[in-house]
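# Coordinates in review
Read off the chains here:
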Amino acid sequence: MAVEKKKKVLSAEAVKEELLKKYPPKVARKRDKQIHITGEEDSSEIMANVRTIPGIITMRGCTYAGCKGVILGPTRDIVNITHGPIGCGFYSWLTRRNQTKAPSATDENFMPYAFSTDMQDEDIIFGGEKKLEQACLEAYELFKPKAMAIFATCPVGLIGDDVHAVARKMKEKLGINVFAFSCEGYKGVSQSAGHHIANNQIFTHVVGENDTVKMGEYKINVLGEYNIGGDAFEIERILEKCGITMVSTFSGNSTYEQFATAHTADLNTVMCHRSINYVAEMMETKYGIPWIKINFIGAEATAKSLRKIAQYFGDKKLIDRVEEVIAEEMPQVQAVLDEVFPFTKGKTAMLFVGGSRAHHYQELFNEMGMRTLSAGYEFGHRDDYEGRHVIPDIKVDADSRNIEELEVTPDTARFSPRKSVEQLMRLEAEGLKFKDYEGMMPEMDKGSIVIDDLNQYEADKLVELMKPDIFCAGIKEKFSIQKMGVPMKQLHSYDYGGPYAGFKGACNFYKEIKRMVTSKVWSGMKAPWEENPELSATYVWE
Amino acid sequence: MLLRHTPTEIKERSALSINPAKTCQPIGAMYAGLGIHGCLPHSHGSQGCCAYHRSTLTRHYKEPVSAATSSFTEGASVFGGQANLLQAIDNIFTVYEPEVIAVHTTCLSETIGDDLKQIVDKAQKEGKIPTGKNVVYASTPSYVGSHVTGFSNMVKGTVNVLAESTGKKNHKVNIIPGWVEPSDMEELKRICAMVGVPIIMLPDTSGVLNGPMTGTYEMFPKGGTTVAEIKSTGDSMGTLALGEWCSADAARTLDTKFKVPCRVLDIPIGIKATDRFVDALRIAGGTSVPETVAFERGQMLDMMADYHQYFFGKKVALVGDPDQLIAMTEFLLTLDMKPVHIVTGTPGKKFEARITELCKEKGYEPNVRAHGDMFLLHQWMKNDPVDLIMGNSYCKYIARDEDLPFVRFGFPILDRPGHQYFASVGYRGGMRLMEKMLGVLLDRKDRDSPEETFELVL
Ligand code: SF4
Ligand code: SF4
């Protein structure tokens, strides 16, 4: 059998040069700043969260997708009405694999439904507010939800429909919470703006609405976890096992009630830094809840995150319980790892997703002995790459200025610091870092290629030049990569698989990656007659 | 119950669409563009629409779907998108080197009133379109029509820009296949070859969206209608347009502009529509139908007769696109099945009239709605249950709740493969459809049979 010829190994610099070669000079100059090679004592900047270049086949989506799809999508008991022509509502209908589990068959679950005002020509010409009002009424009549949300799409912003006014009117009329999002697709430069708009509105209109305190000794919120492929179910299982109470998740498998009582938790844990770090910040200012960065992707990462939570509460009972749980769970993880490691060790990966996943999944690959050659975010900001310390230096450009920043002050009735300044300082001294995220780049090997807003041309080129053993991105990228004979794992939607979070998730992922990097499919690219096309003189069996 | 909030009682809604049975124009335009050889579709608007359209097409076809976008941000939305499109055209030709760019608008660029013709002319003047390369375009606002309309508009836009008449006939027949699968286009070409009629098929996504794996990625695979062919459509002997909604406009454009006579037929799904297609083809091409085609027809008829008893009287709920539903309804009726609830999201009163007329021959009046949604379909089904549901993947929620046999048909099919490779049109396609329907109906019978009646033979 023919042995697959490995490409000769190019240096990261040479790869970068290759990527830039084909661009017109102006485009090349911009991309140059968005492609970064990690080095020793790396303190240089990467350009991120800037406009995509017209005509370049980007991986990004839009603000509406970030708002409706990512943040509000996984919430089951809010009726989400898309105000606009039909497409936007249609595409965000069940396409993110957010799973949810209503407690009983009669409990609310609106997730399998898509609601839209299906704007027509005349609504664009004469305005769509009346139709939107009517749609709210009809939705209420049919479903009697506890809350409704309205999402503005591109044309709505242009014709000037006031979605917030309609929401206020409906709130009054129906006596339920109705709120709206100005998440028109053209705002901002990526989904990230949509996360921000969504979170701000939830924070303004829902968080703090219900002061009922849940039973439980150690109460936390899990922020930035979206229950793709059932991740949240596994995280909930582990937390419960440890005796930690989840007050809310933002927003995997979440409910209105969870958001409304989120301010009663004693600690915020942040998974996806990009999509939600500001909510953690605001909750700290307004209610006095400290936050830490955690990560439940990867078994070691999960163990580390649980220990951090236990350390925060500082209770021996919890600390012991967490160790027990880890001790109980780890052997199974180790068993699977032992099985896959010989097959995955030394293999290479590339990761281009979202605004934290491209970092988190590196932990899983590390556990399998795999190196991430190149990674980047679809809509990260500089702090997601370089760490939070750069936040004060980030220049706010015109596109970001459109995204409302909330002025938050301590809530007169509800602010109560969960830990005293001394306690926090002591914990810091013990190594527990608050409000901190070091970003993706410091954790990557030197000489890795970090690329912001990767596009299709560069993706295909990277694969061609570096032949990774596996490539991770989204559905749009999947099949061009596979045509080149490289297995491609979707990390937005998991290809119908998952969960990959927590201990059980890690096992699933190990097995999945082993399956992919050892598959025989990829070696069948050439038929026997192509391997050896020259016919010798004999034409018959002899 | 996944759709547990869907009540039996039906109230007319005037503003709220729930679980739509259509989507927006640009995705259709993008699909049509992919059927042109060496073409990169381009979405003129903000990048979210393009991402959504690419994702949905990719999920349906399980193939790379490349398309560029003008990536509007707030500025472009205020000042117009001309600068973005000019820059995009330049970048696209430099980086991706397509033969053709097929530009369509989105709600956003339509609402601000960008004029594609004017911008493309400007690009031409400024030398942004290299010699020998082309930019075609279509206006596709999503607040009019549906994805089907967008498809139709892009096909029309393409012939509008490219087709020409040299005064010399090319002795070919144009086939405008409508929004069908690449497998269907392949099958139509096979039938035309059997009947011996030289054709130009536009668009043609076979080989593009059901391509092979070779170890290299070709951004522009071998398939697709070439620019030379599209130009030549103005010289053809005639046009067969399959589907009033998808294909008629382009055919009529060729007729008006170049006097290429056209006939609008149904998409050849089912025996009757296929018969009409083959007959029209033979007449247009001046050939006779060979034995091979008659043989396939006979096989289909044989299968229809053999399994008639399992289809007979079965009530069906249908959702999808107008051209496909019309042909499918007729097919089901020839099998003596009863499509009782039929919904399309695409507006057009003619649809309701045509379906009603088809069922009238069978002596009943179906529930039919154009510009309807799947919520309504489901409510109808609750009031008058059916034996089978056929439609896109979103039907699986209804099928599960109502515990129904389900055949995936139409767009988008997100959760099963096959449609890209195995046709539904023609006699063979009809046989495949019957196989699928029979499979789910008999699986259900087997599942529900008590042990004493669970038997081996048919
Ligand atoms: S804004 Fe318009 S074109 Fe874009 S996805 Fe929505 S409906 Fe479709
Ligand atoms: S960045 Fe990633 S984890 Fe964060 S919201 Fe997006 S897809 Fe999710």
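An unreviewed UniProt entry annotates chain B as Nitrogenase molybdenum-iron protein beta chain of Desulfovibrio psychrotolerans. The record in UniProt for chain B states the following under Sequence similarities (unreviewed entry): "Belongs to the NifD/NifK/NifE/NifN family."

An unreviewed UniProt entry annotates chain A as Nitrogenase protein alpha chain originating from Desulfovibrio psychrotolerans. Under the heading Subunit (unreviewed entry), UniProt records this for chain A: "Tetramer of two alpha and two beta chains. Forms complex with the iron protein (nitrogenase component 2)." Its UniProt record gives chain A a comment under Function (unreviewed entry), which states: "This molybdenum-iron protein is part of the nitrogenase complex that catalyzes the key enzymatic reactions in nitrogen fixation."

All names here are of chain B. When cut into domains, chain B gives domain 1 (25-162), domain 2 (173-289) and domain 3 (292-452). Between the C-alpha centres of domain 1 and domain 3 the distance comes to 34 Å. Contact residues are listed per partner, giving 12 residues for domain 1 and 12 residues for domain 3. Buried surface at the junction of domain 1 and domain 3, summed over both partners, amounts to about 960 Å²; 62% is from carbon and sulfur atoms. For the domain 1 face of the interface with domain 3, the top three residues by lost area are His60, His147 and Val148, together amounting to 47%.

Residues Met148 and Phe181 of chain A together with Ile175, Phe277, Ile389 and Met437 of chain B are the most contacted members of the largest nonpolar core, which totals 199 residues. Leaving out residues up to four positions away in the same chain, isoleucine 389 of chain B has contacts with Ala317, Leu377, Met381, Cys395, Ile398, Ala399, Leu404, Pro405, Phe406 and Val407 of chain B. Grouped together as the second largest cluster of nonpolar side chains are 68 residues, Ile235, Ile244, Ile470 and Tyr494 of chain A included.

So, on to the UniProt feature "domain: Nitrogenase/oxidoreductase component" (unreviewed entry) in chain B. As annotated in UniProt, the feature "domain: Nitrogenase/oxidoreductase component" (unreviewed entry) corresponds to residues 24-441 of chain B in the numbering used here. Structurally, residues 24-441 of chain B comprises 49% helix and 14% strand, and the distance from its first C-alpha atom to its last is 33 Å.

In the region of ligand 1, the neighbouring residues are Pro85, Gly87, Cys88 and Tyr91 of chain A together with Cys24, Pro26, Cys49, His53, Thr106, Cys107 and Ser142 of chain B. Ligand 1 is flanked by residues contributed from chains A and B. Secondary structure elements with two or more residues in the shell around ligand 1: α4 (86-91) of chain A together with α2 (47-61) of chain B. Sorting elements by how many residues they give to the shell around ligand 1 places α4 of chain A first, with three residues. The residue inventory of the shell around ligand 1, partitioned by class, reads seven nonpolar, four polar and no charged.

Moving on, we come to the sheet that holds strand β10 (residues 348-352) of chain A. Residue and element names in this part refer to chain A. Taking strand neighbours across the sheet as the criterion, the six strands line up as β1-β12-β11-β10-β13-β14 in an open arrangement whose pairing is mixed. Every other strand in the sheet has two partners, leaving β1 (35-37) and β14 (488-490) as the edge strands with one partner each. For this sheet, the mean inter-axis angle between neighbouring strands, taken without regard to orientation, is 20 degrees. Sheet topology note: the β10/strand β13 (residues 470-473) ladder contains three bridges and is parallel. Looking across to β13, one finds that leucine 351 is bridged to cysteine 472.

Scoring rules and cut-offs
- Residues numbered from 1 in each chain as written.
- Chains lettered and ligands numbered in written order.
- Predicted model: local features only at pLDDT ≥ 70, side-chain atom pairs only at ≥ 80, totals over all residues.
- Heavy atoms only, no water.
- UniProt positions renumbered as here; feature names shortened; annotations may be inferred.
- Domains from an automatic or database assignment.
- Contact = heavy atoms within 4.5 Å.
- Buried area = accessible area lost by both parts, 1.4 Å probe.
- Core = buried A, V, L, I, M, F, W, Y, C linked by side-chain atoms within 4.5 Å.
- Buried < 20%, exposed > 50% of the residue type's maximum accessible area, 1.4 Å probe, protein only.
- Helix = DSSP H or I, 4+ residues; strand = E, 2+ residues; numbered from the N terminus.
- Near = heavy atom within 4 Å.
- Nonpolar A, V, L, I, M, F, W, Y, C, P; charged D, E, K, R; others polar.
- Pairing = 2+ DSSP bridges.
- Axes fitted to C-alpha atoms, helices over the stretch in contact; angles between N-to-C directions.

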